[in-house]
Amino acid sequence: MLSVQPTSRRCFYFHCLIGLFTVALAGDPYVFYDWTVSYLTASPLGVKQQVIGIEGQFPGPILNVTTNWNVVVNVKNNLNEPFLLTWNGIQQRKNSWQDGVSGTNCPIPAGWNWTYQFQVKDQIGSFFYFPSLNFQRAAGGYGGIIINNRDVIPLPFGTPDGDITLLISDWYIKSHDKLRKHVEDGVGLGAPDGVLFNGLGPYRYDESLVPNGISYEIINVEPGKTYRFRVHNVGISTSLNFRIQNHNLLLVETEGSYTVQQNYANMDVHVGQSFSFLVTMDQNATSDYYIVASSRFVNSSASARAAGVAILHYSNSQGPASGPLPDPPNDFDSFFSMNQARSIRWNVSAGAARPNPQGSFKYGDITVTEVFVIVNRPAELIDRKWRTTLNGISYLAPATPLKLAQQFNILGVYKLDFPNRLMNRPPKVDTSIINGTYKGFFEIIFQNNDSSVQNYHMDGYAFFVVGMDYGVWTENSRSTYNKWDGVARSTTQVFPGAWTAILVYLDNAGIWNLRAENLDSWYLGQEVYVSVVNPEIEVDTEIPLPGNTIYCGLLSSLQKGQAQRFKFSGAQSVAKPSRTVLVALFIALLGAFLR
């Protein structure tokens, strides 16, 4: 049972004190986390299985920080395979070294640890982290991220009475390595076995569908109060419709952008997407209420089997929830979900961190410097292996991460030749990346030739979603673009047989992953990297190579002993007071802490 309380942070004593020093001695505070990643046994759908937990929790702890804080996360890998965490939607300004994907980081070997250090620079909102390698997200390893406004920037709505994170996900009873093998063999994932709320299975709303004895999520609330629900689809392939029985969802934020505030009865949350809703407890509490996440765009029998159900419990509730679940949207109405997505608009008057291309919020007036029409295809055999492609190329991850190859000027690891459009040639497997012009303004159109909803995410940026429609994109499609208040976010859906257009300002130097968030499509090759290099080398546009870098591939000989991995990275941006003053402060704080 989950009570709504201020989000806790695990932070061991010594590093908490260091964090207190930093608050006093530098403009931007540091917060320290120490996480061990390991296998746990859980039964979310009533069957015992192996999941990936962090600090013994499934899902992992919530990362709760404030705009411009510096985050230091020491990750110990106790799995039996390499591991990386990526931070979905965190822009890692000038610091793709901390992005946690195969193109920027060597994996953390089993038994090793590595320390991430990054700043949540000029960001607010709701995000999440997850494992980026080896299909591990299908086993868990994910958790929520909250970036609060600084006190000097007010919320564009009243302060909520509580903050609730809901991680919704499709779930399979098969292990992640078996699912991975199925995908490699060309076997589709099929419908999920269920949908989880915060790692827990459904409330037994229907005895014929839900076995007895399954633990479910309970959200405790007080009548008359308003709560902020942060809803993240951390699943692997299934769009989910989120709704709360008899309650309106007032959308206020998505992936770091405050939105025009609109009420929805339900919301389609596609894979990799995050939303914030304000929900007021304005019902008479004659009983508890259902919170539902049900699968979308799958066959009806599988949809019924897969519904996830949590319970909203008023403190004055007079009984348990009962009866049928609130109705989902009609799956046969192909335009419902698209029109809902089009209705989400950016709040251009809210004071908060936001994309600011060329000093102007009028992104529709900025000249586009390059256009990419990126076409996907369903899985197909290439060189006798099942692969997926973007513009006819299935990405092959090299043994040496792209970012390290660029840093050490190693030739032949990748090619800067990703095509702007689908080429008239057979599909191939290659390490081809986009040569992004620094401070260029790119138009990217995703054309979905698959039969399912595909979702695309870009690390390092928030992009403007300016248009989507069914059919094939043409030059004339630009006449339908929203050139004023298209929402800025990091993940967008592309409906089957349809297109979605985004605009992105490439002002963040580094190498950045552009990928399918559907895990089966991503794993088989639907990704590309964008290299953004400032030609003015003397200008400091990127953070230097971290001192704790793990080396692999062609640079394996540079790897030092594992002993140094057990230290936190140095906080280089902290002011350096005299040692005497620092020691005196430490003793004073330690004494106060122990009293």
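Residues numbered from 1 in each chain as written. Predicted model: local features only at pLDDT ≥ 70, side-chain atom pairs only at ≥ 80, totals over all residues. Heavy atoms only, no water.

Let us look at the state of the cysteines. For the structure on display, the rule yields one disulfide. Each sulfur in the disulfide pair C106 and C552 lies 2.1 Å from the other. Taking the sign of the S-S torsion, about -85 degrees here, the bridge from C106 to C552 comes out left-handed. Taken as a pair, C106 in the loop between β6 (85-88) and β7 (113-119) and C552 in the loop between β33 (527-533) and α7 (579-594) lie far apart in primary sequence, 446 residues in all. (Disulfide = S-S within 2.5 Å. Helix = DSSP H or I, 4+ residues; strand = E, 2+ residues; numbered from the N terminus.)

Along the chain, the position of S337 falls in helix α4 (residues 334-343). The spacing of S337 and D268 is 69 residues in sequence and 6.6 Å in space, taken between C-alpha atoms.

We now examine helix α2 (residues 176-184). Buried residues of α2: H176, L179, R180 and V183, and no others. Projected down its long axis, α2 shows its buried positions confined to an angular sector of 105 degrees, all on one face. The secondary structure elements touched by the buried residues of α2 are β2 (30-42), β22 (385-390) and α6 (519-523). Taken from the residues just after α2, G186 is the one with a positive phi, measuring 80 degrees. (Buried < 20%, exposed > 50% of the residue type's maximum accessible area, 1.4 Å probe, protein only. Arc of directions from axis to C-beta. Contact = heavy atoms within 4.5 Å.)

The next thing to look at is the sheet that holds strand β5 (residues 70-77). Spatial ordering of the open sheet is given by β3-β2-β5-β7, a layout of four strands whose pairing is mixed. The open sheet is flanked by β3 (49-54) and β7, the only strands paired with a single partner. Sheet twist, expressed as the average angle between the axes of neighbouring strands with direction ignored, equals 20 degrees. Sheet topology places β2 next to β3; six bridges connect them, and they run antiparallel. In the strand pairing of β3, T41 is matched with Q50. (Pairing = 2+ DSSP bridges. Axes fitted to C-alpha atoms, helices over the stretch in contact; angles between N-to-C directions.)

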